[in-house]
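Letter by letter, the chains look like this.
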Amino acid sequence: MRGEYAVIFLTWLLGISNCANVFDILDVKVAKKSQLISLKTLEVPAGVTLKLTNLQSGTVVEFDGVLTFGYQEWSGPLIKISGENISVVGKPGHLINCEGERWWDGLGSNGGKIKPKFFEMNLTDSTVTGLNVKNTPVHAFSIKNCSNVNVTNVKIDNSEGDVKGGHNTDGFDVNSHNVRISNCWVHNQDDCLAINMGSDVVFEDNVCIGGHGISIGSIGFRPNNTVNRIRVKHCEVINSTNGIRIKTKTHASGWVNDVTYEDVELKNVSGYGILIHGNYRNSGGNMEETPSPGVPITNLNISKVRGTVQPMGTNIYVVVANASNWNWDNIDISGGTVERNCQGVPPEVDTTCGK
Ligand SMILES: *[C@@H]1O[C@H](CO)[C@@H](O)[C@H](O)[C@H]1NC(C)=O
Ligand SMILES: *[C@@H]1O[C@H](CO)[C@@H](O)[C@H](O)[C@H]1NC(C)=O
Ligand SMILES: *[C@@H]1O[C@H](CO)[C@@H](O)[C@H](O)[C@H]1NC(C)=O
Ligand SMILES: *[C@@H]1O[C@H](CO)[C@@H](O)[C@H](O)[C@H]1NC(C)=O
Ligand SMILES: *[C@@H]1O[C@H](CO)[C@@H](O)[C@H](O)[C@H]1NC(C)=O
Ligand SMILES: *[C@@H]1O[C@H](CO)[C@@H](O)[C@H](O)[C@H]1NC(C)=O
Ligand SMILES: *[C@@H]1O[C@H](CO)[C@@H](O)[C@H](O)[C@H]1NC(C)=O
Ligand SMILES: *[C@@H]1O[C@H](CO)[C@@H](O)[C@H](O)[C@H]1NC(C)=O
Ligand SMILES: *[C@@H]1O[C@H](CO)[C@@H](O)[C@H](O)[C@H]1NC(C)=O
């Protein structure tokens, strides 16, 4: 009996010493040896990445305080996390305040000040939950090379960017396999979700405000331009340029296959309720006249997508050159009055296009 108590006591002691509180960037190196890293209120120095890389399997990273960053023009990221079986948790009351307004100049990543990306994750079998993020300088979460990662209850509040020059403040950029993003809230000035490459991505129960909508693409700028098995379900898109969008680059090759958008509500979209185009040129959403066929869009199911577009917008617009097997039903988008000529819509789609 005595021995057992001793073991329990030792385990308890180890458990305690295995938690590292971080009050200074200099504490991080030692903290990485612990199973629980608790980030308290601290300022990360300018031009430095808060590097939580190659963490031990099973590590819990807690954000528990106000995290800020020094100012410098550089490309970031401000935070980088990598490892397997990692749990990243935002504690109630914490805030990651990037103070992006110091960089905002209306030009995003297209010019002006060099702006740091916010958060790069390279995780396997991991979860990221409860983060509360404010004013990212440019792109928020880069989900790169991840596999079996769930992101839940994350709030990205870049709403001040609407009036202070926020631009290219993408919510989630996904370049990964088997990622689930749910119950998140994003107010930004670019894509809420942008999937450039990857498979088995679920985007469910999210609210997107102010940005460019829930996007696949742009496709065609990377070595691997395959997107497969994407499920967008039960989301709201409010005050945004687009509702849902698939954009593929002209003269590129790749494949967008097996994509489902289901139960998406649009409110006050300014440009396009549904926009699917195979003529994406570069930044700024430019469209060339003619779409090209190198990135086929196949097995695209859209159902229960409903809501309103402003009169200056178009409810549904499709310009593609190689599309097949689209199953669209229960689409009810109204309000847009600008008419456009759709191209390449597969014959099985009986939804009115171009109005
Ligand atoms: C993952 O980490 C947790 C501790 O955070 C641990 O309890 C669990 O056994 C680990 N799972 C695997 C598969 O390593
Ligand atoms: C991603 O993490 C893995 C190990 O978890 C590592 O081998 C790889 O170099 C990391 N890649 C990047 C770009 O950080
Ligand atoms: C992510 O969520 C799915 C569905 O709830 C679950 O099956 C999976 O195990 C979760 N993955 C992780 C890493 O927690
Ligand atoms: C991607 O992650 C895997 C598994 O952690 C790792 O082996 C590989 O090096 C990573 N690749 C890159 C480009 O980071
Ligand atoms: C691209 O990735 C997919 C998995 O999504 C894979 O099946 C395919 O072989 C890859 N293509 C190239 C050219 O690497
Ligand atoms: C949408 O924009 C209007 C006008 O700016 C604003 O009153 C409303 O609160 C916005 N909706 C959301 C959910 O932010
Ligand atoms: C819709 O968005 C416009 C800006 O594009 C805004 O002026 C208007 O107040 C919004 N309407 C509602 C009902 O939110
Ligand atoms: C059109 O898409 C199909 C796959 O659906 C593909 O086999 C074909 O090569 C594509 N056509 C062109 C001209 O790229
Ligand atoms: C897409 O729609 C078709 C036709 O309704 C259906 O057979 C197929 O299972 C759907 N795919 C998904 C992934 O729901």
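Fair warning: this is a prediction, and the values are worked out from it, not measured in the lab.

### Quick notes on the overall build of the protein
(1) Moving on: When you go through the protein residue by residue, the secondary structure sums to 3 helices and 25 strands.
(2) Moving on: Taken over the C-alpha trace, the protein has a radius of gyration of 22 Å; the compact-globule value for 355 residues is 20 Å, and the two agree within 12%.
(3) Moving on: With the principal axes as the frame, the protein shows a C-alpha extent of 80 × 50 × 35 Å.

### Examining the nonpolar core
(1) Moving on: The biggest cluster of nonpolar side chains holds 84 residues, and the ones touching the most others in it are L193, I214 and I274.
(2) Moving on: Excluding its chain neighbours within four sequence positions, the residues that come into contact with I214 are C192, L193, F203, C208, V232, C235, V237 and I244.

### Structural notes on the environment of R180
(1) Moving on: Inspection of the secondary structure assignment puts R180 in strand β14 (residues 172-182).
(2) Moving on: C-beta crowding within 10 Å serves as the criterion here: with 16 such atoms nearby, R180 is assigned to the partly exposed category.
(3) Moving on: Put simply, R180 and D64 are 116 residues apart on the chain and 24 Å apart in space, counted from C-alpha to C-alpha.
(4) Moving on: Sequence-distant contacts of R180, defined by excluding residues within four places in its chain, comprise N150 and V202.

### Notes on the UniProt feature "active site" (unreviewed entry) in the protein
(1) Moving on: Summarizing the sequence annotation, UniProt attributes the feature "active site" (unreviewed entry) to H212 in the numbering used throughout.
(2) Moving on: Residue position: H212 is located in the loop between β17 (207-209) and β18 (214-219).
(3) Moving on: The contact partners of H212, leaving out residues within four places of it in the chain, are D190, D191, S240, T241 and N242.

### Observations concerning the site of ligand 5
(1) Moving on: Lining the immediate environment of ligand 5, one finds S199, N224, T226 and N228.
(2) Moving on: Here the shell around ligand 5 is composed, by residue class, of no nonpolar, 4 polar and no charged.

### Observations concerning unusual backbone geometry
(1) Moving on: A cis amide bond, omega 5 degrees, links G76 with the succeeding residue P77.
(2) Moving on: Relative to the assigned elements, P77 resides in the loop between β6 (66-69) and β7 (79-84).
(3) Moving on: In the segment running from G217 into S218, the intervening peptide bond is cis, with an omega of 5 degrees.
(4) Moving on: Secondary-structure assignment places S218 in strand β18.
(5) Moving on: Unusually for a residue other than glycine, N153 sits at a positive phi of about 50 degrees.

What counts as what
- Residues numbered from 1 in each chain as written.
- Chains lettered and ligands numbered in written order.
- Predicted model: local features only at pLDDT ≥ 70, side-chain atom pairs only at ≥ 80, totals over all residues.
- Helix = DSSP H or I, 4+ residues; strand = E, 2+ residues; numbered from the N terminus.
- Rg over C-alpha atoms; globule rule 2.2 N^0.38 Å.
- Core = buried A, V, L, I, M, F, W, Y, C linked by C-beta atoms within 7 Å.
- Buried ≥ 20, exposed ≤ 12 C-beta atoms within 10 Å, placed from the backbone.
- Contact = placed C-beta atoms within 7 Å.
- UniProt positions renumbered as here; feature names shortened; annotations may be inferred.
- Near = placed C-beta within 6 Å.
- Nonpolar A, V, L, I, M, F, W, Y, C, P; charged D, E, K, R; others polar.

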